[in-house]
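Inside the fold
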Amino acid sequence: MAIVLNKVDTHGAFQVWSLSFSNDREVSMRAKLVLALVALAGLLSFQSAVAQDLGPQIQKIKDGIYVYVGKNLNSNCGIVLTQEGVVLIDSGHSPTDSREILAAVKKLTPLPILYLIDTEPHPDHTTGHFVFAPPAMIIGHHGAGESMRGRERDTPGRIEKLAGASAEMRAALQGYRFVTPQVEYRDKMTLNVGERTLELYYLKNVHSEADTAIWLPKERIVFTAASVTVKRFGNHRTFVSIPDTLSGIKMMKSFNPEVVIPGHGDPGTVKILDDMEKYYGNLMDGVRQLVKQGKSLDEIKKELKIAGTEDWAGKDRIPNNIEAAYRAVVGK
Ligand SMILES: [Zn+2]
């Protein structure tokens, strides 16, 4: 008797195998069952070995959709496989992450990375562009390139400094080039690649000069950019508007997503959006009450305690969160 393991199909890390027996008469049904179970167990351990091979940061979200979850709340990178090629969402926190992402993509598919969508232009999402482009075409919202060029002007020596962080970082920066998006859309854009559709939506005044939410309607997955955080205070620059951020969250909730992937932090469900809505509600209520009592901004910063955020990271950002709420409450 011979047992033949035939590879039938490959989709991403998932390989379909069929088991066939020759000279069936020599094998009892019972023996066949045992052999099939042994083969299945082997296949399952092979599958988990494949999953482990992708590295500890990679989480499978759905068939052909993965997230490289940034270490210690560093930025996430979405990996969307299609029949035509790969779409990446952000390029990893730093070039060492970008190299790990590229290695994982190469294990998942022989197809090229066609597009890289920036959820925002900050360096912790874009420094690794050069690892993927070309061939990847980079897409961001209008203003992304200008924001990146501004940062580049204001922080001379940034890359040399980054290279000095470790030997690994220096190696990962080999061939570094400053690469800005080739395509800048306004307000909304639809990207059809292979069997997938990705809808890009501008998020106004949420975090940077050019934030993009990405919605995959068939898969019911939303990438929120930095509009929401997971147990961590966001960094609210002076142009950030909490009412605009709440509108963005409301829009993403209206999609009725099954999976919510934040710019930083673990992927989850719509609870991520609910929690953020609740946080901003509590923050605004707290600031409003103290303003009504005639308290100054400085007094509010000293007195305000925001329920439910005791275990959040980034407490140094609480003052700029309070300032954003104060701007909204007093209408400045
Ligand atoms: Zn940012």
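What you are looking at is a predicted structure, and each value in this text was computed from that prediction instead of being measured. (Residues numbered from 1 in each chain as written. Predicted model: local features only at pLDDT ≥ 70, side-chain atom pairs only at ≥ 80, totals over all residues. Heavy atoms only, no water.)

1. With respect to the packing of aromatic side chains
Note the following rule: Two rings from Phe, Tyr or Trp (for Trp, the six-membered ring) form a pair when their centres sit within 6.5 Å of each other. Planes less than 30 degrees apart are called stacked, planes more than 60 degrees apart edge-to-face, and all others tilted. Helix numbers and strand numbers start at the N terminus; a helix is a DSSP run of H or I with at least 4 residues, a strand a run of E with at least 2. Only protein chains enter the accessibility calculation, which uses a 1.4 Å probe. A residue is then buried if its area is under 20% of the maximum for its type, exposed if over 50%, and partly exposed in between.
Under the definition given, this model contains 7 aromatic pairs. Look at W215 and F255: their rings are 5.0 Å apart centre to centre, the planes differ by 15 degrees, and that puts the pair in the stacked class. Note that W215 is positioned in strand β12 (residues 211-216) and F255 in the loop between α8 (242-254) and β14 (259-261), a separation of 40 residues in sequence. A relative accessible area of 13% places F255 in the buried class. Seen in terms of ring centroids, F233 and Y279 are 5.8 Å apart; in terms of plane orientation they differ by 70 degrees. Their pairing is edge-to-face. Residue F233 is found in the loop between β13 (221-223) and α8, and its partner Y279 is found in helix α9 (residues 271-292); the two are separated by 46 residues along the sequence. Accessibility classification places F233 together with Y279 in one group, the buried group. Chaining the aromatic ring pairs together yields one cluster made of F233, Y279, Y280 and W312.

2. Side note on the side chain of D118
Inclusion rule: Under the counting rule used here, the positive set is Lys and Arg, the negative set is Asp and Glu, and His together with the chain ends is not counted. Throughout this description, the term salt bridge denotes a Lys or Arg side-chain nitrogen within 4 Å of a carboxyl oxygen of Asp or Glu. Pairs of N or O atoms within 3.5 Å make up the polar contacts considered here, provided that, within protein, one atom can donate a hydrogen while the other can accept it, and that residues adjacent in sequence are counted only when both atoms are side-chain atoms. Should any heavy atoms of two residues lie within 4.5 Å, those residues are counted as being in contact.
The topology assignment puts D118 in the loop between β7 (113-117) and α3 (123-126). Despite being buried, D118 has no salt bridge partner; R149 is the closest side chain of opposite charge, sitting 11 Å away. Polar side-chain contacts of D118 include one of 2.7 Å to the side chain of H129. Those residues in contact with D118, other than ones at most four positions away along the chain, are D90, H125, T126, H129, I138, I139, G140, P181 and T212.

3. So, the coordination of the zinc ion
Basically, it comes down to this: Any N, O or S atom lying within 2.8 Å of the metal counts as a donor, and for Na, K and Ca the limit rises to 3.2 Å; water is left out, so some sites can look incomplete.
Around the zinc ion, the protein contributes the donor atoms E120 (OE), H122 (ND1) and H207 (NE2), at 2.1 to 2.2 Å from the metal centre. Counting along the primary sequence, the residues that act as donors to the zinc ion give the motif E-x1-H-x84-H. Here the residue H122 occupies a position in the loop between β7 and α3, and H207 occupies one in the loop between β11 (196-203) and β12, the gap between them amounting to 85 residues. A single burial state applies to H122 and to H207, both of which are buried.

4. Quick notes on the nonpolar core
The test is simple: Take the buried Ala, Val, Leu, Ile, Met, Phe, Trp, Tyr and Cys residues and link them wherever side-chain atoms come within 4.5 Å; each set so joined is a nonpolar core.
Of all hydrophobic cores here, the largest spans 31 residues; its most connected members are Y279, L283, V287 and L304. Listing elements by their share of this core, those giving two or more residues are β11, β12, α8, α9 and α11 (318-330). Here the element with the most residues in this core is α9; it accounts for 9 residues. Apart from the residues within four sequence positions on either side, Y279 is in contact with F233, I306, T309, W312 and N321. In this structure, C77, V105, F132 and A133 belong to the second largest nonpolar core, which totals 27 residues.

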